[in-house]
Amino acid sequence: MARQHGDLRKAKGLLLLILLLLFSMLFFARAQANQAGETAVYECSLMPNDTICIDRYFGDANIVFIPSQVYGRDVTKIGKYAFQGCSAKRIYTPETLVEIGEGAFQNCKQLEHIKLKNGLERVGKFAFRGCAKMNTITLPASLREVDGSAFILCSILRTIHVEADSPWFREYQGMLYTKDATCLVSVPAAKRVKELYVYTTLEQIGDYACYRQAYLQKFYVDYTAVKRIGDYAFAGCMELEKGQLNDKLEEIGSYAFAACPKMLELTIPASVVRLGEDAFLANDYMMLDLTPGSETESYARENGVMYSFEPEW
């Protein structure tokens, strides 16, 4: 009996130790930052690499200076939805910051300017979605990864600037491309482009690249090496009427042309072998011109999409 009690105490002690270890990895702290006469409160957690992730911001300051350290540890990440819906007009990030997580600044309706410092490497999905007063943003040279959905629904965003010495990205006419010009990453919502022409070297139109472009009427990739059109790439382009694809195209992503009601016809080359879920959803009058026996014909049959066959000359 004594041995059983001893084993039980050991088991309880081990469980307590495990709980303490978990708590130390996921501890939450509130840090005060006093700049510009404002007090900001942050809920934070300690990450496995002994740096800080800001999980939530509590405050209503017009100007926010995100701290570089909390309790003597570097702030390297802004977590998912941490600043979502905050009322700040200007935000300054620290040089220690490496990653901005999914939806971190989503729906910050008053945000006009955010300063991203060199050192930032990753910007996640929907990071700035719906920041309706932000008309420009500059990406630092250190940035390696940015999700194509990061700036969707930023209704007055006209230009995505990239620092000239960036080895990862480039800016062309306010649009964001990879440095080697093989992928179109993002076209700002307020670009007001009616006809989209891209680099001849382009191999991919990225996920969400032209999502809900309100003025886009035509796009041309027939002279390019494009192999993939990403998920939601042209979804919600209400004025889109015409697109010209190339004979190297292999994949059309999920919802790529969803809700493009004015696009009544699109010729799909026989080279396409992969079509994502509901690629042409909510286009009741769209007619696809296909090659008999192609992968796209099977897709159209299975999904109830109207189609005809290209004439053979």
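See the structure printed just above.
Residues numbered from 1 in each chain as written. Predicted model: local features only at pLDDT ≥ 70, side-chain atom pairs only at ≥ 80, totals over all residues. Heavy atoms only, no water.

1. As for the overall build of the protein chain
Then step 1. Across its full length, the protein chain carries two helices and 26 strands.
Then step 2. Counting only residues that meet the buried cut, the protein chain has 46% of its 313 residues in that class.
Then step 3. Carbon and sulfur atoms make up 51% of the accessible area of the protein chain, which totals about 15,700 Å². (Helix = DSSP H or I, 4+ residues; strand = E, 2+ residues; numbered from the N terminus. Buried < 20%, exposed > 50% of the residue type's maximum accessible area, 1.4 Å probe, protein only. Areas by Shrake-Rupley, 256 points an atom, 1.4 Å probe, with all protein chains shown as cover.)

2. A word on the sheet that holds strand β26 (residues 307-309)
Then step 1. Pairing is parallel in the open sheet, where three strands are placed in the order β23-β25-β26. Single-partner strands in this sheet number two, and they are β23 (265-267) and β26. The sheet shows a mean angle of 25° between the axes of neighbouring strands, taken without regard to direction.
Then step 2. When strand β25 (residues 287-290) meets β26, the two strands line up parallel, connected through three bridges. Its bridge partner being in β26, Asp289 is matched across the sheet by Ser308. (Pairing = 2+ DSSP bridges. Axes fitted to C-alpha atoms, helices over the stretch in contact; angles between N-to-C directions.)

3. Quick word on the pairing of strand β11 (residues 136-139)
Then step 1. Only one face of β11 is buried, namely the one carrying Ile137 and Leu139, since none of Thr136 and Thr138 on the opposite face is buried.
Then step 2. One ladder, built from four bridges, connects β11 with strand β13 (residues 159-162); its direction is parallel. What sits directly across from Thr138, in β13, is His161.

4. Some words on the sheet that holds strand β19 (residues 218-220)
Then step 1. What the three strands build is an open sheet, ordered β17-β19-β21; its pairing is parallel. Both outer strands of the open sheet, β17 (195-197) and β21 (242-244), are each paired with one neighbouring strand and no more. Pairwise comparison of adjacent strand axes, ignoring direction, gives a mean angle of 10° for this sheet.
Then step 2. Of the pairings in the sheet, the one linking β19 to β21 comprises three bridges and is parallel in character. The residue bridging Phe219 from the neighbouring strand is Gly243, located in β21.

5. Comments concerning empty space enclosed by the protein
Then step 1. Taken as a whole, this structure holds two cavities of 30 Å³ or more when the rule is applied.
Then step 2. A volume near 70 Å³ is recorded for the largest cavity.
Then step 3. Its residues assigned to classes, the lining of the largest cavity comprises 10 nonpolar, two polar and no charged. (1 Å grid on protein atoms, 1.4 Å probe; cavity = no way out; pocket = protein on both sides within 12 Å on 5 of 7 lines; lining within 4 Å. Points joined across faces, edges and corners; volume = space filled by probe spheres on them. Nonpolar A, V, L, I, M, F, W, Y, C, P; charged D, E, K, R; others polar.)

6. Side note on a nonpolar patch on the surface
Then step 1. A cluster of nonpolar side chains, contributed by Leu264, Tyr285 and Met306, occupies part of the molecular surface with about 350 Å² of accessible area.
Then step 2. Positionally, Leu264 belongs in the loop between β22 (251-252) and β23. (Patch = residues over 30% accessible without salt bridge, like charges linked within 9 Å, V, L, I, M, F, W, Y side chains within 5 Å. Salt bridge = Lys/Arg side-chain N within 4 Å of Asp/Glu carboxyl O.)

7. Here we look at the nonpolar core
Then step 1. One finds Phe83, Ile100, Phe105, Phe128 and Phe151 to be the most contacted residues of the largest nonpolar core, which totals 46 residues.
Then step 2. Those elements that provide at least two residues to this core are β2 (38-46), β3 (52-58), β6 (73-78), β11, β13 and β16 (183-186).
Then step 3. With four residues, β2 is the largest single contributor of residues to this core.
Then step 4. If we ignore the near neighbours within four places in the chain, the residues touching Phe151 are Phe128, Ile137, Leu139, Val146, Leu157, Ile160 and Ser186.
Then step 5. Of all hydrophobic cores here, the second largest spans 39 residues; its members include Leu184, Phe234, Ile252 and Cys260. (Core = buried A, V, L, I, M, F, W, Y, C linked by side-chain atoms within 4.5 Å. Contact = heavy atoms within 4.5 Å.)

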